[in-house]
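Analysis of the macromolecular model
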Number of protein chains: 2
Amino acid sequence: MSYPAADWRETRREAARAAIVEAAWAAVEDEGLAGLSLRDLAKRAGTTTPTIYKYFASKNDIYDAMFGQAAAEFEAFLAAPYPSEQPRAALEEGVRRFFAFCTSDIPRYQLLFQRTIPGFEPSPESFAAAVRALAGTRQVLARNGVTGTRQVDLWTALTTGLVDQQISNDPGGRRWTRLAEDSVTMFLDHARKTSSSSSSRRRRQRP
Amino acid sequence: MSYPAADWRETRREAARAAIVEAAWAAVEDEGLAGLSLRDLAKRAGTTTPTIYKYFASKNDIYDAMFGQAAAEFEAFLAAPYPSEQPRAALEEGVRRFFAFCTSDIPRYQLLFQRTIPGFEPSPESFAAAVRALAGTRQVLARNGVTGTRQVDLWTALTTGLVDQQISNDPGGRRWTRLAEDSVTMFLDHARKTSSSSSSRRRRQRP
DNA sequence: GTCTATAGCTGGATAGAC
DNA sequence: GTCTATCCAGCTATAGAC
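The sections below set out a description of the structure shown in this document. (Residues numbered from 1 in each chain as written. Chains lettered and ligands numbered in written order. Predicted model: local features only at pLDDT ≥ 70, side-chain atom pairs only at ≥ 80, totals over all residues. Heavy atoms only, no water.)

Section: the interface of chain A and chain B
- Taken together, the contact pairs 25 residues of chain A with 25 residues of chain B.
- Carbon and sulfur atoms make up 53% of the surface buried where chain A meets chain B, a total of about 2,600 Å² over both sides.
- Run the count over chain A and chain B and you get six salt bridges.
- Residue Arg150 of chain A is joined to Asp182 of chain B by a salt bridge in which the shortest nitrogen-to-oxygen separation is 3.7 Å.
- At the surface where chain A touches chain B, the tally comes to eight residue pairs in polar contact (both at pLDDT 80 or more).
- Elements that contribute at least two residues to the side of chain A that touches chain B include exactly helix 8 (149–169) and helix 9 (180–195) of chain A.
- A per-element tally of the side of chain A that touches chain B places helix 8 of chain A first, with eleven residues. (Contact = heavy atoms within 4.5 Å. Buried area = accessible area lost by both parts, 1.4 Å probe. Salt bridge = Lys/Arg side-chain N within 4 Å of Asp/Glu carboxyl O. Polar contact = N/O pair within 3.5 Å; in protein donor to acceptor, adjacent residues only side chain to side chain. Helix = DSSP H or I, 4+ residues; strand = E, 2+ residues; numbered from the N terminus.)

Observations concerning the relation of the copies chain A and chain B
- Once chain A is rotated about the relating axis by 180° and shifted along it by 0.0 Å, it coincides with chain B to within an RMSD of 0.1 Å. Here the copies are linked by what is in effect a two-fold axis. In terms of proximity to the rotation axis, the leading residue of chain A is Gly161 of chain A, whose C-alpha is 1.8 Å off the axis.
- The share of interface residues of chain A whose copies in chain B are also at the interface is 100%, consistent with both copies meeting through the same surface. (Least-squares fit on C-alpha atoms with pLDDT ≥ 70 in both.)

Regarding helix 5 (residues 87–103) of chain A
All names here are of chain A.
- Look at helix 5: 24 Å from first C-alpha to last across 17 residues, which is about the 24 Å you get at 1.5 Å a residue.
- Taken residue by residue, helix 5 has Ala90, Leu91, Glu92, Glu93, Gly94, Val95, Arg97, Phe98, Phe99, Phe101 and Cys102 as its buried positions.
- Residues of helix 5 that are buried in the fold lie against helix 4 (59–79), helix 6 (106–113), helix 7 (124–143), helix 8 and helix 9. (Expected span 1.5 Å × (residues − 1). Buried < 20%, exposed > 50% of the residue type's maximum accessible area, 1.4 Å probe, protein only.)

Quick look at the protein's contact with DNA strand D
- Around DNA strand D, the structure places 17 residues, and the nearest of them are Leu38, Arg39 and Tyr53 of chain A together with Thr47 and Lys54 of chain B.
- In DNA strand D, atoms within 4 Å of the protein come 56% from sugar and phosphate.
- For the surface near DNA strand D, the secondary-structure elements that each account for two or more residues are helix 2 (38–44) and helix 3 (49–55) of chain A together with helix 1 (5–31) and helix 3 (49–55) of chain B.
- In terms of residues, the surface near DNA strand D owes the most to one element, helix 3 of chain B, which gives four residues.
- For the surface near DNA strand D, a count of residues per class yields six nonpolar, six polar and five charged. (Near = heavy atom within 4 Å. Nonpolar A, V, L, I, M, F, W, Y, C, P; charged D, E, K, R; others polar.)

Topic: the packing of helix 8 of chain A against helix 9 of chain A
All names here are of chain A.
- Across the interface, helix 8 lies against helix 9 with an axial gap of 11 Å and an inter-helix angle of 170°. What the angle tells us is that helix 8 and helix 9 run roughly antiparallel. When you trace helix 8 past helix 9, the crossing you get is right-handed. Between helix 8 and helix 9, the residues in contact are Gln151, Leu154, Trp155, Leu158 and Leu162 and Ser183, Val184, Met186, Phe187, His190, Ala191, Thr194 and Ser195, respectively.
- For the contact of helix 8 with helix 9, the residue count by class is eight nonpolar, five polar and no charged. (Axes fitted to C-alpha atoms, helices over the stretch in contact; angles between N-to-C directions. Parallel < 35°, antiparallel > 145°, perpendicular 65-115°, else oblique. Left-handed = near helix turned anticlockwise from the far one by under 90°.)

Considering the pattern of salt bridges
Residues and elements named next belong to chain A.
- Applying the stated criterion across every chain, the model contains 26 salt bridges over all chains.
- Among the salt bridges present, the one from Arg44 reaches Asp40, with a minimum N-O distance of 2.9 Å. Here the residue Arg44 and the residue Asp40 both occupy positions in helix 2, the gap between them amounting to four residues, near one helical turn.
- Note on Arg44: relative accessible area 32%, which makes it partly exposed.
- On the basis of relative accessible area, Asp40 is assigned to the partly exposed category, the value being 24%.
- Put simply, Arg192 and Asp189 hold a salt bridge, and the shortest N to O gap is 3.6 Å. Taken together, the residues Arg192 and Asp189, both in helix 9 and three residues apart, mark about one turn of the helix.
- Among the charged side chains, a network of salt bridges with common partners joins Asp30, Glu31, Asp40 and Arg44.

Quick look at the structure:
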């Protein structure tokens, strides 16, 4: 109750920042991720460009706030409790969530997973949540006996490839989404075959 | 020898267009695909922007010429004779070529396979070569007993996912490239298992 | 902190002399 | 066909009044 004045002032400031970020999401939904302009953003937020510069140092600073928010959403989305304790069911549920997350908001997907904006690099703090979310995926993979770097890399390539084809070549459809279950089968069959000889594989990496 | 005047005039014109496109490739190699500007392009081509407009109707028209050239290169690259007649070896060679083609020129890859430029759609003529190249891949897959749409889609997702992860997360390295052989094994094992029951799968598509 | 106004720049595209 | 010169729109970012 009796926090110092600086605290609620900070809270107000965060609320204003959040409102601008909210308007920014609406803007990129309409104009595309790269089409974000500060003029349009200011108009949507019911303010002006100089005011925005009181809250964000630059346009990329806004992208960074959006990235951090998206990464947090991604982490929460994947970390929600899994209904089944069966490892394979959990992996399938993870893919379903990954698809649902990516296809439900394409600018968000582009910002998080593609490198489409010229000068933008997410700050370490914003990047942290994305890394944590990937760690959750690694856990689910580990419950399925998949632990090696090569296998995890193959898994990420497979899932992102499916999502990317879906978004690029059949937006709004299910042409690649429907292959998710088949993909899990294919991947796990292969992982089981190769994990027994993982040490020899590792030795073969640099001949 | 005695062609009508309109013919060599047309030839000169094509040569000038080719020179501009050549300069455009150099520009995107330096500035990024989306960073192409007509001022810079004109400077590189040793001319001025109005002259460029004598040869191309718009900036997207230049992108289209680049797309058509890249698609032709892609088709030629994949269609070169395959050293081995063994189906699996041909498929592996196809992946190797796909990786080599994509990673050796990233702006070209982005132009051909990603939808990164706002208002640009390739013209049907430019798109044709890309379609032909994909048909070649389907042939190699068919020689491996892979014919169904679902399986072909899974293959494209897998290979593009690998390339995309390689370019995005380990540019210049081999972290995902080295997984190509494993991926072929994984895919073919799975394809063999499912192709025998393809009719039942097809029936299950719309329950 | 919020505004008006504008600087300063870069973009695509053109008019018109030669 | 090639140039100079320029238009006009858009952008990010800031100065300065209130």
